[in-house]
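# Report on the structure
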Amino acid sequence: MGLAAAPASLARVRFAPSPTGFLHLGGLRTALYNYVFAKKHGGRFILRLEDTDQSRVVPGAATGIEDMLEWAGIPPDESPRQGGPAGPYQQSQRLNLYREATEQLLKKGAAYHCFCTPQRLELLKKAALRSQQTPRYDNRCRHLSPKQVAEKVSQGADSVVRFRLEEGSEPFCDLVYGWSRHEVASVEGDPVILKSDGFPTYHLANVVDDHLMGISHVLRGAEWLVSTSKHLLLYRAFGWDPPRFGHLPLLLNADGSKLSKRQGHVFVEQFAQEGYLPAALLDAITHCGSGFGENRMGRTLGELVSEFDVGRIEKHSALLDLEKLSELNRIHLAKQIGDERRRPNLVAEVQANVERVYGEQLMDRGVLETAYVEQVLLLRRGHISRLQDLALPKYAFLWIRPMVACEELRAISPQADEIGRLVLGLLDRPAAALTIEELNRDLRRLPEQVTGTQYSGMMQLLRVALSGQQQGPSVAEMMVVLGREEVQTRIQRALCS
Ligand code: GLU
């Protein structure tokens, strides 16, 4: 493949992580902005793995990142796994392209071989630090003649290739930060673009790939804003048109501290394992930021796409409030339970959770039936935050019969047996299916029939009898879920006489 840019379509954007570990929330957010930008403009979202620093590559990280993008519902259109017209999408497989690009720059005199030893560079660095200056390469090898270079090469001297930073970097208009310019040449030494092992450095590989992959807009973290002038100098040296740049404000913890891996809860995989829904996670990481319409909870990916406008992204950092995640998950879960297309997957997940947690203890296999689980979901919709909550001890009564001693019930109310019999009587009526409304009405009337008993005390008694728990769903709801026969069994077992 020569160095001709891929055909430019309307919008081509990329997420370009280094596979150095798990995908974290900051990365997910960058990917999401790129995804919504692509979808909004009918373009393509590309995943490119920047693995040129082989010493930092972590085995499995590359597949993990792509897995998590798929899990989050924002799969790339082109990627190492998907392939695509501008591949390969992994920089370590594109070394010939960087070499070719470097040759171009060497030919133009925009790059040069540098033979400085690590020891010399170290001395330069130390001297700079001693005089309290920022270390920078002194560009010594810029001035080697072609003859000197040829000599050193023939002697087998190790060399890197450096890019000749020219004065006069041009201002550029960032889509988020507005006009910006860094006079790189006056603060930095010429950067290495090709290492002695033939691997490129970030700057070269990034620019070459954005060009060859026909990237139209680079949306990346604000930490790269200062590098953009350098990248633009590279584009100029190659004679290529640069893409548009938009730098995304940082995502920080709620207290303004850096979202670092040390704080534990930042990896997407962890949230997936803990049962959070992709939609809730995407909502959480955009809820705190800008670029979309009015802020509100419960926004879906489709809404994010239709509301997105890069011009709406503000410069201030986004403060991530993970305390809201549980509430966001509850909202999205309720939406998904209400969606008949999504419900079967949710049912299957609950079935798997319950089977895993209760297995042999299940009161009968019937509780794993789809109709039963679906009913549980519909009744608990809006109450549970995560699907796996349904396997917690407080919901154990749905899957296993609680052991409740009749003495325990007597301690709650001396009339426990009398109340139990009245409820059995209610159930004896040849009514059709139990409904919450009818049961509520009937239960309200019970206190009239038992002297000295209050409604709340009675409900407490029945809740314990049915679930073994002091708290939980309403008694009527429990009765509807468990069904007539199971309620009868539980009450009969709880009678002392
Ligand atoms: N590999 C860089 C990173 O991990 C990519 C930066 C960019 O998008 O240009 O952030």
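Above this text sits the structure in question.
Residues numbered from 1 in each chain as written. Predicted model: local features only at pLDDT ≥ 70, side-chain atom pairs only at ≥ 80, totals over all residues. Heavy atoms only, no water.

## Looking at the packing of aromatic side chains
All chains considered together, the criterion is met by eleven aromatic pairs. A centroid spacing of 5.9 Å and a plane angle of 90° characterise the contact between Tyr-35 and Phe-45, whose relative ring orientation is edge-to-face. One end of the pair, Tyr-35, is in helix α1 (residues 25–40); the other, Phe-45, is in strand β2 (residues 44–47), with ten residues separating them in the sequence. An identical accessibility class is assigned to Tyr-35 and Phe-45; each is buried. For the ring pair Phe-172 and Phe-245, a centre distance of 6.2 Å and an interplane angle of 65° mean the geometry is edge-to-face. With Phe-172 in strand β5 (residues 172–174) and Phe-245 in strand β9 (residues 244–248), this residue pair connects regions lying 73 residues apart in the sequence. The rings of Tyr-33, Phe-37, Phe-292 and Phe-308 are connected pair by pair, giving a single aromatic cluster. (Phe/Tyr/Trp six-rings, centres within 6.5 Å; stacked < 30°, edge-to-face > 60°. Helix = DSSP H or I, 4+ residues; strand = E, 2+ residues; numbered from the N terminus. Buried < 20%, exposed > 50% of the residue type's maximum accessible area, 1.4 Å probe, protein only.)

## Some words on the state of the cysteines
A complete count under the given rule lists one disulfide for this structure. Cys-141 takes part in no disulfide bond, and the closest cysteine sulfur to it belongs to Cys-116, at a distance of 3.6 Å. On the basis of relative accessible area, Cys-141 is assigned to the buried category, the value being 6%. (Disulfide = S-S within 2.5 Å.)

## Description of unusual backbone geometry
At the junction of Gly-87 and Pro-88, the peptide bond is cis and its omega measures out at -5° in the coordinates. Of note in the backbone geometry, Gln-132 takes a positive phi value of approximately 55° without being a glycine.

## Focus on the side chain of His-332
With respect to the helices and strands, His-332 occurs in helix α12 (residues 325–337). Here the side chain of His-332 touches Asp-283 through a polar contact of 2.8 Å, side chain to side chain. With residues up to four places along the chain from it excluded, the contact list for His-332 reads Leu-277, Ala-279, Ala-280, Asp-283, Gly-298, Arg-299 and Thr-300. (Polar contact = N/O pair within 3.5 Å; in protein donor to acceptor, adjacent residues only side chain to side chain. Contact = heavy atoms within 4.5 Å.)

## Quick look at the pattern of salt bridges
With the rule as written, the count across this model stands at 30 salt bridges. Arg-12 is the salt-bridge partner of Glu-78, the closest N and O atoms lying 2.9 Å from each other. In this pair, Glu-78 sits in the loop between α2 (61–71) and α3 (95–108) while Arg-12 sits in strand β1 (residues 12–15), placing the two residues 66 residues apart along the sequence. Judged by its relative accessible area of 0%, Glu-78 falls in the buried class. According to the relative accessible area criterion, Arg-12 is buried, its value standing at 5%. A salt bridge links Arg-342 to Asp-339, with the shortest nitrogen-to-oxygen separation between them at 3.9 Å. Since its relative accessible area comes to 18%, Asp-339 is described here as buried. The network of salt bridges with shared partners includes Arg-14, Arg-48, Glu-50, Arg-94, Asp-209 and Asp-210. (Salt bridge = Lys/Arg side-chain N within 4 Å of Asp/Glu carboxyl O.)

## Things to note about the side chain of Asp-209
Relative to the helices and strands, Asp-209 is located in helix α7 (residues 202–212). At 2.7 Å, the side chain of Asp-209 and the side chain of Tyr-98 are in polar contact. Filtering out sequence-adjacent residues up to four positions away, Asp-209 remains in contact with Arg-48, Gln-91, Arg-94 and Tyr-98.

## Section: the site of the ligand
Neighbouring the ligand are the residues Arg-14, Ala-16, Pro-17, Ser-18, Glu-50, Tyr-202, Asn-206, Arg-220 and Trp-224. Backbone polar atom of Ala-16 to a nitrogen atom of the ligand: 2.8 Å apart, as the coordinates give it. Between an oxygen atom of the ligand and a side-chain N or O atom of Tyr-202, the distance comes to 2.9 Å. For the ligand, whose free accessible area comes to 300 Å², the fraction covered by protein is 83%. The cavity that encloses the ligand is the largest pocket. Here the shell around the ligand is built from residues that sort into four nonpolar, two polar and three charged. (Near = heavy atom within 4 Å. Areas by Shrake-Rupley, 256 points an atom, 1.4 Å probe, with all protein chains shown as cover. 1 Å grid on protein atoms, 1.4 Å probe; cavity = no way out; pocket = protein on both sides within 12 Å on 5 of 7 lines; lining within 4 Å. Sits in = over half its atoms within 2 Å of the grid points. Nonpolar A, V, L, I, M, F, W, Y, C, P; charged D, E, K, R; others polar.)

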